[in-house]
Amino acid sequence: MSSSKNYLLSITIIGILFFIFGFITWINGTLIPYLKIACELRTDVQAFLVATAFFIAYTVMAIPSSMVLRKTGYKKGMALGLLIMSIGAAIFIPAADTRNFNLFLVGLFVIGTGLALLQTASNPYVSIIGPIESAATRISIMGICNKVAGIIAGLIFGYIALNDADSLIHNLKTMDATAKAVALDELASRVIVPYIIIAATLAALAVGILFSGLPDVNDEESSEESVSHHEHKTSVFQFPHLMLGVLALFLYVGVEVMAGDTIISYGKSLGIGLSTSRYFTQGTLACMLLGYIVGISTIPKYISQANALKYCAILGVVFTILAVLTDGYVSVAFIAMLGLANSLMWPAIFPLAIEGLGKFTKTGSALMIMAIAGGAILPLIYGRLSESMGTRMAYIIMAPCYLYILYYAVKGHSVGKKSLA
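What comes next is a walk through the structure.

A word on the pattern of salt bridges
Once their charged atoms are close, side chains differing in charge can pair, the charge on each being opposite to the other. Applying the stated criterion to the full structure yields seven salt bridges. Note that Glu40 and Arg99 form a salt bridge whose closest N and O atoms lie 3.5 Å from each other. Linking Glu40 in the loop between α2 (28-38) and α3 (44-47) with Arg99 in the loop between α4 (49-98) and α5 (101-128), this pair joins segments that are 59 residues apart in sequence. Its salt-bridge partner being Arg99, residue Asp185 comes within 2.8 Å of it at the nearest N-O pair. With a gap of 86 residues between them, Asp185 in helix α8 (residues 177-189) and Arg99 in the loop between α4 and α5 connect regions that are remote in the sequence. Residue Arg99 is classed as buried on the basis of its relative accessible area, which comes to 19%. Taken together, the shared-partner salt bridges connect Glu40, Arg99, Lys180 and Asp185 into one network.

Here it is as structure tokens:
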């Protein structure tokens, strides 16, 4: 197979995987209010454990994932990740049947485990399969696949799970215990068939990836030149630009998840019905989609990855402040517009942080994937703050996150890189 066909095949297959990432990940925005009703959770903080269980798996499993990849290579590692995700989706079936919130969390953790392996393989694959200076463009293309899937997932699951949520919440208040249990059992059962389909599809894709023509790339060979310049490096922790990038990614994922997964609950707290607010996550994703299109058009032809990150961080600070200073639908709109600010952050931070790691690329990628735990921790902090400060003012915690990302864009990404030259 020619190198151009090889490249096209690889990009197509990885694009499908990123579609899966988006579909599975952005269902969480709908699952949070859905499980709060179905499992009779008392607070938003409990409901935000959905994001915690899902994203904490990245921290727990990223290093083991890098070890698995060393033995399996990228291709088999991706197939294994899909199979693990299939098992996690299957756990939703007994969880829904029993309305057991803890079992739902177990399923989410297992899905997150599979995604950790899948992302530890696929993200550096996209970065190193072509020139590093255009990595942000390739990741932006993957981001479009991701966010289109998220929009579709939210629309489908919003209709399935939250279509009549406002009337159900109202009716539950007047039901006796037996009628209430029947109504909630029916609500919980709505996700059984969708997750059977998801589990079967993921298992089929795992087999498909395993027998596909997806080539394995050697990140050590592709970075051979950079390795020769820092043979004295004995640990991944000797790359300060990577360590600073890990923190930048941690904060970025935290604010991205807050903008996407808390916006439905935020709208509800402002008195906006779930019949309307269930679409708000799609607004955030649509703004991200717009940002990815801009990224593909401008990086690296007109602006560098670092400058794109800088402009996005500035927008993040501005939109956060405006969201806090306004109210109602206007405030919700600024939270959704954070999707635009967040759009080019992953495509810029990831390649900037793993640039020049050479033989440490897999381990460095694993550390970056661990940083996805920001999506597990920062929404919980937001939830706690919202109880004391209010749901609107609690968003102010995003401002210092964006300011640090701005520092990484301006200076942090180049710290220590001169010693690699």
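That was the structure; now back to the text.
Details of the side chain of Thr281
Here Thr281 is to be found in helix α15 (residues 280-298). The exposure class assigned to Thr281 is buried, which follows from its relative accessible area of 2%.

What about helix α16 (residues 305-325)?
For α16, built from 21 residues, the straight-helix expectation of 30 Å at 1.5 Å per residue is met to within 8% by its first-to-last C-alpha distance of 31 Å. Within α16, the full set of buried residues consists of Gln305, Ala306, Ala308, Leu309, Cys312, Ala313, Gly316, Val317, Phe319, Thr320, Ala323 and Val324.

Observations regarding a nonpolar patch on the surface
Nonpolar side chains collect at one region of the surface, where Phe19, Val148, Ile152 and Ile156 lie side by side and expose about 270 Å² of accessible area between them. For the nonpolar patch, the leading source of residues is helix α6 (residues 135-162), giving three residues. Position of Ile156 relative to the elements: it lies in helix α6.

Brief notes about the environment of Ala96
Along the chain, Ala96 falls in helix α4. In this structure, the C-alpha to C-alpha distance between Ala96 and Gly213, residues 117 residues apart in sequence, is 37 Å. Each residue touching Ala96, except ones within four places of it in the same chain, is listed here: Phe104, Ala188, Val191 and Ile192.

Quick notes on the rules
Residues numbered from 1 in each chain as written. Predicted model: local features only at pLDDT ≥ 70, side-chain atom pairs only at ≥ 80, totals over all residues. Heavy atoms only, no water. Salt bridge = Lys/Arg side-chain N within 4 Å of Asp/Glu carboxyl O. Helix = DSSP H or I, 4+ residues; strand = E, 2+ residues; numbered from the N terminus. Buried < 20%, exposed > 50% of the residue type's maximum accessible area, 1.4 Å probe, protein only. Expected span 1.5 Å × (residues − 1). Patch = residues over 30% accessible without salt bridge, like charges linked within 9 Å, V, L, I, M, F, W, Y side chains within 5 Å. Areas by Shrake-Rupley, 256 points an atom, 1.4 Å probe, with all protein chains shown as cover. Contact = heavy atoms within 4.5 Å.

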